[in-house]
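Spelled out from the first residue to the last, the chains are:
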Amino acid sequence: MNAPLPQDTAATAPLAFTGKARVALNDPRLRANFRRAMDGLMSKRAAQFADADEWRTLRARGAEARARALAKLPDLLERLERRCAENAITVHWAETTGQANAIVLDLLTAAGAKTVIKGKSMVSEEMHLNAHLAAHGITAIESDLGEYIIQLAGEAPSHIVMPCIHKNKAEIAALFAEHIPGQPYTENVDDLTGAARNALRGAFAAADAGISGVNFAVAETGTLVLIENEGNGRLSTTLPPLHIAVTGIEKVLEFLDDVPPLLSLLPRSATGQPITTYVNMISGPRRPGEKDGPQAVHLVLLDNGRSRVYDDPQLRDTLRCIRCAACLNHCPVYTRVGGHSYSFTYPGPIGKILSPQLEGLDCAGDQPHASSLCGACAEVCPVEIPIPDLLVRLRGEAISPTSRAVKGGGSARSLGDRLGRRLSTAILGQPRLYGLISRLAGRIGDRLPSWLPGLNRWTRVRSKPAFARRSLHALARERGYADE
Ligand code: SF4
């Protein structure tokens, strides 16, 4: 590829969600781009799961396969390593993203690699791998069309499945005209796709190594399953002489039989497709007599805090995620502010529970609050992750940690929080006092000014609610319901 590659910007310091969200909300083009894309994705997904019984059955199978794999995770990881070794896939363990980067760099340096072609991988984003390689003189070229576009723009992905969903045709046309030599400005989609294809074609053949993510790693057979639509994943993992796959330790499945239900759930939940165009099942490097495939395959298994998540029986459900992004597409917060507001690798509802656990509540503590707790995410999650319950749990952990499960637990505890909690406990624990205060609120609530501190957190962006004149208790008593 001859287009210049801007630096990876994902490693920039995260800023608070609220400030970024406010900027995004005031950007009409961004909101229009998201609204259009998300409406389409929601209706396509709904059409795929029109049969409620089939959805329930399939979803239960998917959730069971993921929960069973997680229940046996340590054993399955060891089994995966043994099976991979039998298949001549070398497994590497990385506790931190720094270690994972060092492993990948060592492998590339030993192979004398200067250019790598990449398939889509959120874990490599988590590692800020491109920036790390660039700092050591190795160029990483993204081959997924969406990733390629945001690499040209010098941005991080704003969506797990569709990284450049925040951009419209005109923005992409301008980027291509600026970065791809000889490419005129055009909004013709076929021409734009063709330009990316031309720019990338040579890069597949010229790359010294291919790097990919992994959708599922099967412990029973030592198989790496990768799904994709463009064929770029297959080219990245087949043409170069070296293939390095990077994945989180949670992506393990016990049996090959667990793959089909998840293959059915993932693309239908993600993009509303019945199945992806390509399903790649990699079971080792090129064997004697075979004409294609890499000469060496390596699998890097990244922990980066996942073991700590795994240790807590409730938080462990987070690790079931198959990164379909259905929760993003249905989240009323994500669909209005977009992925860059979240500052961390994983945006949307899954990011709100995963980022604080991986990065720590002390730096990602605002994420669990970026939710109305409407439950739309949990309703569409194909593996039944109870996201709202986990959001509430993390909000609590930020103030009063119940275990050492979450890094930075208790970091949001302030004098104001403590006093507020004590006051509300005292009021809610004394029915007479509570009744008195609700009656008072009913009388004077409507006269309170909107700017009143506390109330203004609501009134800044919404109308002031009308206070009820009579409490629910009073209404119930009138209708003859007993207190119990
Ligand atoms: S949490 Fe559920 S819906 Fe969201 S990305 Fe993960 S699997 Fe998909």
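Residues numbered from 1 in each chain as written. Predicted model: local features only at pLDDT ≥ 70, side-chain atom pairs only at ≥ 80, totals over all residues. Heavy atoms only, no water.

### What about unusual backbone geometry?
Quick reminder of the rule: In this description a helix means any DSSP run of H or I spanning at least four residues, a strand means any run of E spanning at least two, and both kinds are numbered starting from the N terminus. Buried residues are those whose accessible area, probed at 1.4 Å on protein chains only, stays under 20% of the maximum for their type, while exposed residues exceed 50% and partly exposed ones sit between those limits.
The backbone of Asn 304 sits at a positive phi, close to 45 degrees, despite the residue not being glycine. Mapped onto the secondary structure, Asn 304 falls in the loop between strand E10 (296-302) and helix H13 (306-311). The exposure class of Asn 304 is buried, given its relative accessible area of 15%. One non-glycine residue, Arg 323, lies in the positive phi region at around 55 degrees. Assignment of secondary structure puts Arg 323 in the loop between H13 and helix H14 (326-330). Using a relative accessible area of 11% as the deciding quantity, one classes Arg 323 as buried.

### So, the site of the ligand
We apply this condition: Here a residue is near a molecule or strand as soon as one of its heavy atoms is found within 4 Å of it. Residues are grouped as follows: Ala, Val, Leu, Ile, Met, Phe, Trp, Tyr, Cys and Pro are nonpolar; Asp, Glu, Lys and Arg are charged; every other residue, Gly included, is polar.
Residues in close proximity to the ligand include Cys 321, Ile 322, Arg 323, Cys 324, Ala 325, Cys 327, Ile 350, Cys 381, Pro 382, Val 383, Ile 385 and Ile 387, which together make up its full environment. Residues belonging to the shell around the ligand are distributed by class as follows: 11 nonpolar, no polar and one charged.

### Some points on the nonpolar core
Nonpolar side chains in soluble globular proteins tend to be buried together. Our working definition: The definition of a nonpolar core used throughout is a set of buried Ala, Val, Leu, Ile, Met, Phe, Trp, Tyr and Cys residues joined through side-chain atoms within 4.5 Å. Here, residues are in contact when the closest pair of their heavy atoms is within 4.5 Å.
Counting 105 residues, the largest nonpolar core has Val 104, Leu 108, Leu 133, Ile 244 and Leu 299 as the members making the most contacts within it. Setting aside anything within four residues of it in sequence, one finds Val 104 in contact with Met 127, Leu 129, Leu 133, Ile 211, Ile 244, Val 246 and Val 300.

### Some details on the domain arrangement of the protein chain
Filter applied, for reference: Domain delimitation follows an automatic or database domain assignment.
By domain assignment, the protein chain separates into domain 1 (51-304) and domain 2 (431-479). For domain 1 versus domain 2, the separation of C-alpha centres amounts to 53 Å.

### Comments concerning the packing of aromatic side chains
Put simply, the rule reads: Working definition: rings of Phe, Tyr and Trp (its six-membered ring) pair if their centres are within 6.5 Å, and the pair is stacked with planes under 30 degrees apart, edge-to-face with planes over 60 apart, and tilted otherwise. We call a charge positioned over a ring when the NZ of a Lys or the CZ of an Arg lies within 6 Å of the ring centre and within 35 degrees of the ring normal.
Summed over the entire model, instances satisfying the criterion amount to five aromatic pairs. An aromatic cluster is built from Phe 17, Phe 34, Tyr 334 and Tyr 342, whose rings are joined through pairwise contacts. In this structure, Arg 45 packs its charged tip against the face of Trp 55, placed 4.9 Å from the ring centre.

### Quick notes on the sheet that holds strand E7 (residues 242-248)
Within a sheet, neighbouring strands are paired by backbone hydrogen bonds and run either parallel or antiparallel to one another. Applicable threshold: When DSSP finds two or more bridges between a pair of strands, those strands are recorded as paired. The angle between two axes is taken between their N-to-C directions and runs from 0 to 180 degrees, where each axis is a line fitted to C-alpha atoms and a helix contributes only its stretch in contact.
With parallel pairing, six strands are arranged side by side in an open sheet as E1-E10-E7-E4-E2-E3. In this open sheet, the two strands that pair with only one neighbour each are strand E1 (89-94) and strand E3 (139-142). The average undirected angle you get between the axes of adjacent strands in this sheet is 25 degrees. In this structure, strand E4 (residues 209-212) lies alongside E7, joined through three bridges in parallel fashion. Within E7, the position partnered with Gly 210 by the bridge is His 243.

### Considering the pairing of strand E6 (residues 223-228)
Counted residue by residue, E6 has six buried out of six residues, so it is predominantly covered. The pairing of strand E5 (residues 216-218) with E6 spans three bridges and is antiparallel. In the sheet register, Ala 217 faces E6, and the bridge partner there is Leu 224. The turn linking E5 back onto E6 is made up of four residues, and Gly 222 within it adopts a positive phi angle of 65 degrees. As paired strands, E6 and strand E9 (residues 278-282) are joined by five bridges and run antiparallel to one another. Note that in E9 the partner of Val 225 across the bridge is Met 281.

### Observations concerning the pattern of salt bridges
Selection rule: Salt bridges are defined as contacts in which a side-chain nitrogen from Lys or Arg sits within 4 Å of a carboxyl oxygen from Asp or Glu.
Considering all chains together, one arrives at 20 salt bridges under this definition. Across the pair Arg 306 and Glu 126 runs a salt bridge whose closest N-O atoms are separated by 2.8 Å. Linking Arg 306 in helix H13 with Glu 126 in helix H6 (residues 122-127), this pair joins segments that are 180 residues apart in sequence. Across this residue pair, the class does not change: Arg 306 and Glu 126 are buried. Between Arg 306 and Glu 250 there is a salt bridge, with the nearest N and O atoms lying 2.8 Å from each other. A residue pair is termed long-range when its members are at least 10 positions apart, and Arg 306 in helix H13 and Glu 250 in the loop between E7 and strand E8 (252-253) qualify at 56 residues. Overall, Glu 250 belongs to the buried group, its relative accessible area being 2%.

### Remarks on the confidence of the model for the protein chain
Keep this limit in mind: The predictor reports its confidence for every residue as pLDDT, a score running from 0 up to 100.
With 96% of its residues at a pLDDT of 70 or more, the protein chain has an overall mean of 92. Per-residue pLDDT stays below 50 along residues 1-14; that stretch engages in 34 contacts with residues further than four places along the chain or on separate chains.

### Some words on helix H1 (residues 17-25)
Operational definition: The arc in question is the one spanned by the directions pointing from the helix axis to the C-beta atoms.
Three or more residues of H1 are buried, namely Phe 17, Ala 21 and Ala 24. Each buried residue of H1 sits inside an arc of 60 degrees when the element is viewed along its axis, so together they form one side. Buried residues in H1 make contact with helix H2 (28-48) and helix H15 (334-337).

### What to know about the environment of Pro 288
Considering the arrangement of structural elements, one finds Pro 288 in the loop between E9 and E10. Taking the C-alpha atoms as reference points, Pro 288 and Arg 336, separated by 48 residues in sequence, lie 53 Å from one another.

### Observations regarding the side chain of Arg 59
Rules: Positive charges come from Lys and Arg, negative ones from Asp and Glu, while His and the chain ends are left out of the count. In protein, a polar contact requires one atom able to donate a hydrogen and another able to accept it; more generally it is a pair of N or O atoms within 3.5 Å, and residues adjacent in sequence count only if both atoms are side-chain atoms.
Tracing the sequence through the fold places Arg 59 in helix H3 (residues 52-71). No salt bridge forms around the buried Arg 59; measuring N to O, its nearest opposite-charge neighbour Glu 384 is 4.4 Å away. A polar contact of 3.3 Å, which involves the side chain of Arg 59, links it to the backbone oxygen of Glu 379. Among the polar contacts listed, one links the side chain of Arg 59 to the backbone oxygen of Cys 381, at a separation of 2.8 Å.

### What to know about a nonpolar patch on the surface
Heads up, the condition is: Like charges within 9 Å and nonpolar side chains (Val, Leu, Ile, Met, Phe, Trp, Tyr) within 5 Å are joined into patches, using only residues over 30% in relative accessible area that form no salt bridge. Calculation of accessible area relied on Shrake-Rupley with a 1.4 Å probe; when residues are assessed, cover is drawn exclusively from the protein chains displayed.
Together, Leu 433, Leu 436 and Ile 437 line one region of the surface with nonpolar side chains, adding up to about 240 Å² of accessible area. By the element assignment, Ile 437 lies in helix H21 (residues 431-444).

### A few points about helix H12 (residues 259-270)
Operational definition: Helix span is expected to be 1.5 Å times the residue number reduced by one.
With 12 residues, H12 extends 16 Å between its outermost C-alpha atoms, agreeing within 8% with the 16 Å of an ideal straight helix rising 1.5 Å per residue. Judged by how many residues are buried, H12 sits mostly within the fold: 11 of 12 residues are covered. Residues of H12 that are buried include every one of Val 259, Pro 261, Leu 262, Leu 263, Ser 264, Leu 265, Leu 266, Pro 267, Arg 268, Ser 269 and Ala 270, and no others. Downstream of H12 by one or two residues, Gly 272 has phi in the positive range, about 75 degrees.

### Thoughts on the sheet that holds E5
The four strands are arranged E8-E5-E6-E9 in an open sheet whose pairing can be described as mixed. A single partner strand is all that each edge strand has here, and the edge strands are E8 and E9. Each of E5, E6, E8 and E9 touches H12; the most contacted strand, E5, lies at about 175 degrees to it.

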